[in-house]
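# Inside the fold
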Amino acid sequence: MLLKDDSNGPPSALAVEEVVTFHSTFAIPAAITGNEEILLKRQKQVKAARRKKKQYLKKLMRRVNPKASKKSKTSVMSAPHQSIRTRYELLYESYLKLLGQPYIINSVFCFNCNNYFYYGDNLAMPKRCQVCHIDFCKPDKITHEKGHLARPDIILDYNPIEKRLQYKKDVQYRRLDNIKLYQEEYLKNLGIIRIDGGVHDKKHVRMRDYWQYMDFRERNIKVFIIRNEDLDRLLANQDNGKSVLQLCHWVGEATIDEELYNIYTKDKDFIERTAKPF
Ligand SMILES: [Zn+2]
């Protein structure tokens, strides 16, 4: 009975065993031994529960703030196609919203069929293009082989709304022949915006960026490269964001204005940022 009370529940196999000992040998030592064993068992259970809680909290933290966790394999592997939104991207996005510019985030651009599709904030690389179904190659392959992709930070799509809806449907139902009829014109109204942080100074990232830029250029798609420092500099003006707003507005204008974009590509910074790094 003593053992049953201590365990706060139905007697376990251990308790039953101890009760047998209790009757067959000497009462007190058996009871004490039983208590100790139960105590040990409980301590183990408490420790296991604590460990479980700790693991759960760790997992939760990783989900809330993926960057806070020590450099996990996934973040290293996905670095070339990072999809974690930086605060600079979020800042730029807030200005896009303010200006009502037609933008898309979390998309993948396929250099095989030249289409973009929504992919979500998935860290893992898409295995294949959702439109043409070609398998993508690994992110560190910077050669011009088929099956490479880009995950632009932001895409501006300045096509008329009815065209955009048509495009969305065509992409969804994989009507490649349909898209080809208007694709050339459609791509002219796209702007790829890169918000680059320090990672883009790394040699292998610079090489990938270079090939990616060339791929977009070959397809007459406009690319804009904004560095985090650019935004910092504009914010330092302390003009309630007016400077950032102007930049954002200007990029939008240049997306639909070939001449304006040509001026941009002759800019010293732009030439430097798109130069062949090797
Ligand atoms: Zn494709």
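Residues numbered from 1 in each chain as written. Predicted model: local features only at pLDDT ≥ 70, side-chain atom pairs only at ≥ 80, totals over all residues.

Further remarks concern the packing of helix α9 (residues 228–236) against helix α10 (residues 242–255). Two numbers describe how α9 lies on α10: the axes approach to 7 Å, and their chain directions differ by 135°. One way to sum up the angle between α9 and α10 is to call them oblique. Contacts between α9 and α10 involve L231, L234 and L235 on the former and, on the latter, S243, V244 and L247. When its residues are assigned to classes, the contact of α9 with α10 shows 5 nonpolar, 1 polar and no charged. (Axes fitted to C-alpha atoms, helices over the stretch in contact; angles between N-to-C directions. Helix = DSSP H or I, 4+ residues; strand = E, 2+ residues; numbered from the N terminus. Parallel < 35°, antiparallel > 145°, perpendicular 65-115°, else oblique. Contact = placed C-beta atoms within 7 Å. Nonpolar A, V, L, I, M, F, W, Y, C, P; charged D, E, K, R; others polar.)

Time to look at the sheet that holds strand β4 (residues 149–150). The strand order β3-β2-β4 describes an open sheet built from 3 strands, whose pairing is antiparallel. In this open sheet, the two strands that pair with only one neighbour each are β3 (115–118) and β4. Pairing of strand β2 (residues 107–110) with β4 involves 2 bridges; the strand directions are antiparallel. Across the sheet, residue C110 finds its bridge partner in β4, namely L149. (Pairing = 2+ DSSP bridges.)

Moving on to the pairing of β2. Side chains on a regular strand alternate between the two faces of the sheet. Sheet analysis places β2 next to β3, joined by 4 bridges and oriented antiparallel. What sits directly across from C110, in β3, is N115. Between the end of β2 and the start of β3, which pair antiparallel, lie 4 residues, with N114 showing a positive phi angle near 60°.

Moving on, we get to the confidence of the model for the protein. Reading predicted coordinates in detail is not appropriate for stretches of low pLDDT. Summary statistics for the protein give a mean pLDDT of 81 and a share of 76% for residues scoring 70 or more. Summarising per-element confidence for the protein, the mean pLDDT is lowest in helix α4 (residues 73–77) (37) and highest in strand β5 (residues 154–157) (98). Low confidence marks residues 1–32, where pLDDT is under 50. Its contacts with residues over four positions away, or in another chain, come to 22 contacts. Below pLDDT 50 for its whole length, residues 69–82 participates in 17 contacts with residues either more than four positions away or in separate chains. (pLDDT = per-residue confidence, 0-100.)

The next thing to look at is the sheet that holds β5. Judged by pairing direction, the sheet is mixed, and its 4 strands sit side by side in the order β1-β5-β6-β7 without closing on themselves. Looking at the sheet topology across the chains shown, the edges are occupied by β1 (103–104) and β7 (222–227).

Mapped onto the secondary structure, K188 falls in helix α7 (residues 176–188). Residue classification places K188 among the partly exposed residues on the basis of 16 C-beta atoms within 10 Å. Linking K188 and E258, residues 70 residues apart in sequence, is a C-alpha distance of 8.8 Å. (Buried ≥ 20, exposed ≤ 12 C-beta atoms within 10 Å, placed from the backbone.)

Note: most peptide bonds trans; most residues except glycine with negative phi. The phi dihedral of N114 falls on the positive side, at around 60°, and the residue is not glycine. Following the sequence through the fold, N114 ends up in the loop between β2 and β3. We classify N114 as buried; it has 20 C-beta atoms within 10 Å. For N240, which is not glycine, the phi dihedral falls at a positive 60°. Along the polypeptide, N240 turns up in the loop between α9 and α10.

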